[in-house]
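Residues per chain, in single letters:
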Amino acid sequence: SEIDRKILEDTTFYTQTLGVPARTLLDDPQVQKGEKLFAQANCATCHINTLKTGNSPIVSIAYQTIHPYTDLLVHDMGQGLADKRPDFDASGSEWRTAPLWGVGLTQTVLPYSGFLHDGRARTLAEAILWHGGEAEASKETFRTMAKVDRDALVKFLTAL
C-alpha cells in the first residue's frame, strides 16, 4: 500500500536532518598518511571531500559545508561491478559515487556486512579492488602500493 503525504514528509525531514558521524583519529600519523595516499591515487577525483549544500527550507541544513567524500555523480565502474541492469539513464556498469563519510562504522552498525552496492566486498580494500572503468587507474595505484601504504589508506577510510 502507499504511504500518505505526512509520512513521506516526516520521513524526508528525518533523513535530511540526520547527523553524520564525526571523523576520528585526526591526529593519527597513519591516518594522515592514508589521506595523502587517497588523494595521490586520485580517489578524491570522485570521492570529493568537501561540498556545500544549497538552499533549503530547513535553515539549519542550508548552505552548510559538508564532507561526504562523493561527487554524487554517476561513473562507469567497469564490467567487474556491472549488474547488466540499466537504471534510468545509467547503464548496468554505471554507479553513483557512494559517500564515504561514516564508512568506518559500517561493520559496527551491522557486523559482517559487506561493502559496495551489493555487499560483495568483505573489506574496504576488497571494495577498492573491485573498482574498474573510470576508477581503474586509482585501483591499480592502490593495488601496487606497498602493504604499509595500502594499510594506511584503509585506516584513513575507517576514520571517516
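Please refer to the structure higher up on the page.
To keep things clear, this report deals only with the structure shown in the data block.

Once that is clear, we can look at the overall build of the protein. Looking only at helices and strands, the protein features six helices and four strands. Ordered by position from N to C terminus, the α and β elements of the protein give α-α-β-β-β-β-α-α-α-α. Taking all 160 residues of the protein together, the buried fraction comes to 31%. The long-range fraction of contacts in the protein, counting pairs at least 24 apart against all pairs at least 6 apart in sequence, stands at 51%. Accessible surface for the protein amounts to roughly 10,400 Å². Of this, 58% is attributable to carbon and sulfur atoms. Of note, the protein has its 16 positive side-chain charges centred 6 Å away from the centre of its 20 negative side-chain charges.

Turning our attention to the side chain of T70. In this fold, T70 is placed in the loop between β2 (65-66) and β3 (74-76). T70 gets classed as buried once you look at its relative accessible area, which sits at 1%. From its side chain, T70 meets the backbone nitrogen of L72 in a polar contact 2.8 Å long. With near-sequence residues (within four places) excluded, T70 lies in contact with C46, H47, I48, L51, T97, A98 and P99.

Turning our eyes to something else, we now look at the packing of aromatic side chains. Evaluation of the coordinates by the stated rule reveals three aromatic pairs. Among the aromatic side chains, those forming a connected cluster through ring pairs are F38, Y69 and F156. The ring centre of W130 lies 4.6 Å from the NZ or CZ of R120, which sits over that ring.

What counts and how
Residues numbered from 1 in each chain as written. Predicted model: local features only at pLDDT ≥ 70, side-chain atom pairs only at ≥ 80, totals over all residues. Heavy atoms only, no water. Helix = DSSP H or I, 4+ residues; strand = E, 2+ residues; numbered from the N terminus. Buried < 20%, exposed > 50% of the residue type's maximum accessible area, 1.4 Å probe, protein only. Contact = heavy atoms within 4.5 Å. Areas by Shrake-Rupley, 256 points an atom, 1.4 Å probe, with all protein chains shown as cover. Lys, Arg positive; Asp, Glu negative; His and termini not counted. Charge placed at Lys NZ, Arg CZ, Asp CG, Glu CD. Polar contact = N/O pair within 3.5 Å; in protein donor to acceptor, adjacent residues only side chain to side chain. Phe/Tyr/Trp six-rings, centres within 6.5 Å; stacked < 30°, edge-to-face > 60°. Lys NZ or Arg CZ within 6 Å of the ring centre and 35° of its normal.

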